[in-house]
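If you want the building blocks of each chain, they are given just below.
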Amino acid sequence: MTQVTERGTPLSAAPRAGVRRRSPAAAACVVGGAVAAGLGLGFLAVLVIVLWISSPYPDSGPGGALHLAAGLWLLAHGTELVRYDTLSGVPAPVGMTPLLLVVLPVLLMRRAARLGSAAEEDDEEVLPAGAVFSAVLCGYLAVGALVTVYAAGGPLPADPISAAWHVPLVAVLAAAVGVWGARGRPLGPLPSWLPRGVRKAVVRPRYALALRAGAGGTLVLLGGGALVVGASLAWHGAEVQYSFLSLTGVWSGRFAVLLLALMLIPNAMVWGAAYALGPGFALGAGATATPLGFPGAPGLPRFPLLAALPAEGSGTPLTWAVTGVPVVAGLAVGWFAVRRAREVSYGETALTAALGAVVCGLAMTGLAAASAGPLGSRRLSEFGPVWWTTGVAAFAWTAVLAVPVAVAVHAWRTRPAIGPAALEGDEAVAVDDGWHDSGVREIRWAAMRKAAGALIPDIAVPPVVPVVPAAPEVPAAVPAGRGRRAVTVVSGLDLDPGLLAGVAGVGGTGGTVEAVSVPLAPPVVGARVLARRKPPPE
């Protein structure tokens, strides 16, 4: 048969098998990853060019400055650079990464992943999280490969093997955090390829508390390290100032030294934490600074942060006092590891505190490894804290202190209440708050109902007729010449206005008035009837 259309519109061809439609959203994600890498590289290139222009004695032309910027971009990812122009002629590795410089590529990559996961319009295509992650990563790594090749012709080329795993590692972590944040930071479900027992165990509250406790202990250690470094800089202020002024005499060089010192402040915080934990940090082959002593390192370069090192010789009570930092960190881990629930056992609390110590130790291990690195091939081949000793010391300090502190805090929070509710048997004491007394609730409820008006409907209460002794008969008529007789009002009687109207009718007109069913006032229940005494005769 022949297919005929009314307006001659051509029929759409059926899609062929094996042909995939290109997604503009995926292409935009690839471009976003490349732009993120280009922005970071451009920022460093502008900074290096400005310093090159302002320098009175530049070592190379603009090409050398751009190659140096490419090397710094790779160094921001943790890549090890190689310096060939040494006095001995032996290539010297430069592997210590300023941790503050790592923030630049991480933030840019995270932003690219978040933008790729969001849709600007309602009808715009939204890619799955895995597709966004892969597309952004492809664009970023493509630029990273070109930068590695370009930096090979500069004064600080990158080690290809180091660049092959450092750049992808930073990009993968930053992209994963960006996609996870764009999806609302979900905590589950875990991938189905994980064992079922692992998926069930991770969702328990103890692991979230352990992460919180470990993060709290790590922050306390870093804050204590910053305090130690700041106190040392203030103590050696004259040496730090002399080192800063003697490095260069031009303002552009001093500005470059100041920028480098600022970018190394996070490294100094980790070094200070490692010093407070006990293992300290290495300053070359055979030279380690610890609270117990510092043998000295004669081959150190002049730099303001290195001028604040402790004095040579054995430790003093002032250097021993830094051990208070891990003590406070252990107390913090124990405090944050306690759940506010009575059904949690002491064993569960102790296990949570121990897991928090493990998290703190792992975090300090990673930070120590990232903050250290070689600055040369011989004496300066070991520079910074040793990662495994720092991690073990952090775990030992926090575990020894956190477990008993967590158990003690849990026992204090779940202690039995002291008061009337905790007494039993003959020791029970009734609560007398004045509200449940007889007659008080009715009076307060009437006042609340009167203030609320029509919001609270009236509740019909059956009247309680008290037993009253027979009263004397009231005379039907009262002589006109005599005054009114005093009436004794007895509490608890039902004063019906119909009764009073009937009495008035008998005394006045002699007619009978029908009694009204609505009472004049609600009856008073529980009142005591008192007899009125007659005054004594005069």
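Shown above is the structure to which this text applies.
Along each chain, numbering runs from 1 in the same order as the chain's sequence is written. pLDDT decides what is reported in this predicted model: residues at 70 or higher carry local features, side-chain atom pairs at 80 or more are listed and counted, and totals for whole chains, interfaces and linings draw on all residues regardless. In computing side-chain values, all of the structure's heavy atoms are included and hydrogens and water are not.

(A) Representation of helix 14 (residues 387-413) in the model. Starting at the N terminus, helices and strands are each numbered in turn, a helix being any DSSP run of H or I of at least four residues and a strand any DSSP run of E of at least two. Take the residue count of a helix, subtract one, and multiply by 1.5 Å to get its expected span. In this model helix 14 runs 37 Å from its N-terminal to its C-terminal C-alpha over 27 residues, within 8% of the 39 Å that 1.5 Å per residue would give. The angle between axes fitted to the seven-residue stretch ending at a residue and the seven-residue stretch beginning at it gives the bend at that residue. Where helix 14 bends most, the angle comes to about 30 degrees, and this point is Ala 402, followed within four residues by the proline Pro 404. Per-residue accessibility, obtained with a 1.4 Å probe over protein chains only, is compared with the maximum for each type, and a residue is labelled buried under 20%, exposed over 50%, and partly exposed between these values. The set of residues buried in helix 14 consists of Thr 389, Thr 390, Gly 391, Ala 393, Ala 394, Thr 398, Ala 399, Ala 402, Ala 406, Val 409 and His 410. We call two residues in contact whenever any of their non-hydrogen atoms come within 4.5 Å of each other. Buried-residue contacts for helix 14 involve helix 7 (205-235), helix 10 (265-277), helix 12 (324-336) and helix 13 (346-371).

(B) Fine view of helix 5 (residues 160-182). Across its 23 residues, helix 5 extends 33 Å between first and last C-alpha, which sits within 8% of the 33 Å expected from 1.5 Å per residue. If you check which residues of helix 5 are buried, you get Ser 162, Ala 163, His 166, Val 167, Val 170, Ala 171, Ala 174, Ala 175, Gly 178, Val 179 and Gly 181. Where helix 5 is buried, its residues touch helix 2 (62-75), helix 3 (99-117) and helix 4 (129-151). Just downstream of helix 5 lies Gly 184, where phi reads positive at about 90 degrees.

(C) Molecular detail of the packing of aromatic side chains. Working definition: rings of Phe, Tyr and Trp (its six-membered ring) pair if their centres are within 6.5 Å, and the pair is stacked with planes under 30 degrees apart, edge-to-face with planes over 60 apart, and tilted otherwise. Going through the model one piece at a time under the given rule, you end up with four aromatic pairs. Aromatic side chains Tyr 275 and Phe 281 sit 6.1 Å apart centroid to centroid with 45 degrees between the ring planes, which places their arrangement in the tilted category. Phe 281 carries the same exposure label as Tyr 275, and that label is buried. Definition used: whenever NZ (Lys) or CZ (Arg) falls within 6 Å of the ring centre and also within 35 degrees of the ring normal, the charge is taken to sit over that ring. Its guanidinium or amino end placed over the ring of Trp 335, Arg 413 lies 4.7 Å from that ring's centre, counting from NZ or CZ. Sitting above the plane of the Trp 412 ring, Arg 415 keeps its charged end 3.8 Å from the centroid.

(D) Summary view of a nonpolar patch on the surface. Patch membership is restricted to residues that have no salt bridge and whose relative accessible area is over 30%. Joining uses 9 Å for like charges and 5 Å for the nonpolar side chains Val, Leu, Ile, Met, Phe, Trp and Tyr. Note on areas: Shrake-Rupley with a 1.4 Å probe; residue coverage comes only from the protein chains shown. The working definition used for a salt bridge is a side-chain nitrogen of Lys or Arg within 4 Å of a carboxyl oxygen of Asp or Glu. On the surface, a cluster of nonpolar side chains totalling about 450 Å² of accessible area is made up of Phe 43, Leu 47, Trp 251 and Phe 255. When contributions to the nonpolar patch are tallied by element, the ones reaching two or more residues are helix 1 (24-54) and helix 9 (251-263). A residue is classified by how much of its surface remains accessible, and Trp 251, at 62% relative accessible area, is exposed.

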